[in-house]
Amino acid sequence: MQRANRAAFLRGMRHGIPIALGYFAVALTLGITARAAGITPLQATLTTALTNASAGGYAAFTAIGSHVTYLEAAMVVAIANARYLLMSCSLSQKFASDTPLIHRLLVGFYVTDEIFGVSMAEPGKLNPVYSYGVISMAAPGWALGTLSGAILGNILPVRAVSALSVGLYGMFLAIIIPPARKNRVVAVLVLISFALSGAAAVIPVLAAVSSGTRIIILTVVISAAAALLFPVREEEEHEG
């Protein structure tokens, strides 16, 4: 058991390295945003280390810079991060039924889009130790990137910092392409998700809401439709 946990942790660390690099690049711009809002490097670093959210972090720093009330700032961040509730519910189904609550809480605290993606891609039941390996590499990327952005943000050109974040999109592609190649249903759903996401950004009613809310709506609609039209039997899931 100990050998299996060690192997799972090391595998998680390997998978967490590209996530950490992408996080570091994105967090540079987050640190610049925090500094523009009058937040110190220490405050910005602690904020990202305790929230682990890009959209939520941007929303919080922007709200602080706009001098909104505490209640308004909390509501903005809650809406931006509401999609993680759905991800946590989905990820909880990947754990074995006897997984202790402490492991579920610790992994749930670090649920992000990318960590959720690699965790769901793990075959069979999810070993929390694997998630700890991913987190051990990915989580510091947020904090260190934010710290670097807050300190060096005024030195690097804005275009150069923005260009670094392109690597995160490449990491998303690396997550979704392998399962899409193995399963035509997944491939079609990915394409539909892209199309609906683009359409939602220009449809008047949906474009008026935040990007986090749009993600929630699309996630619920597409996943519910896929579950109804293409149900996966439990034995097939274990074989996958």
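None of these values were measured; they are calculated from a predicted model.

Draft legend 1. Broad picture of the overall build of the protein chain. Looking only at helices and strands, the protein chain features 14 helices and 0 strands. Listing the helices and strands of the protein chain from first to last along the sequence gives α-α-α-α-α-α-α-α-α-α-α-α-α-α. When burial is assessed residue by residue, the protein chain has 35% of its 240 residues classed as buried. Total accessible area on the protein chain stands at roughly 14,100 Å², and carbon and sulfur atoms take up 70% of it.

Draft legend 2. Spotlight on the packing of aromatic side chains. Scanning all chains against the criterion turns up 2 aromatic pairs. Between Y23 and W142, the ring centres sit 4.7 Å apart and the planes meet at 25°, which makes this aromatic pair stacked. Linking Y23 in helix α1 (residues 2-36) with W142 in helix α8 (residues 128-152), this pair joins segments that are 119 residues apart in sequence. Look at W142 and you get buried, because its relative accessible area is 4%. Summarising the aromatic geometry, the rings of F109 and Y110 are spaced 4.9 Å apart at their centres and angled 90° between planes, so their arrangement reads as edge-to-face.

Draft legend 3. Representation of helix α3 (residues 54-65) in the model. Over its 12 residues, α3 extends 16 Å from the first C-alpha to the last, a length consistent with the 16 Å expected when each residue adds 1.5 Å. Residues S54, G56, G57, A59, A60, F61 and A63 constitute the buried set of α3. In this fold, the buried residues of α3 make contact with α1, α2 (41-51), α4 (70-80) and α8. H67, located one to two residues past α3, shows a positive phi value of around 60°.

Draft legend 4. Quick look at the pattern of salt bridges. By the definition in use, this model includes 1 salt bridge. Of the charged contacts in the structure, one is a salt bridge between E122 and R11, with a shortest N-O distance of 2.9 Å. Here E122 is found in the loop between α7 (113-121) and α8, whereas its partner R11 is found in helix α1, with 111 residues between them in sequence. For E122, a relative accessible area of 12% puts it in the buried group.

What counts and what doesn't
Residues numbered from 1 in each chain as written. Predicted model: local features only at pLDDT ≥ 70, side-chain atom pairs only at ≥ 80, totals over all residues. Heavy atoms only, no water. Helix = DSSP H or I, 4+ residues; strand = E, 2+ residues; numbered from the N terminus. Buried < 20%, exposed > 50% of the residue type's maximum accessible area, 1.4 Å probe, protein only. Areas by Shrake-Rupley, 256 points an atom, 1.4 Å probe, with all protein chains shown as cover. Phe/Tyr/Trp six-rings, centres within 6.5 Å; stacked < 30°, edge-to-face > 60°. Expected span 1.5 Å × (residues − 1). Contact = heavy atoms within 4.5 Å. Salt bridge = Lys/Arg side-chain N within 4 Å of Asp/Glu carboxyl O.

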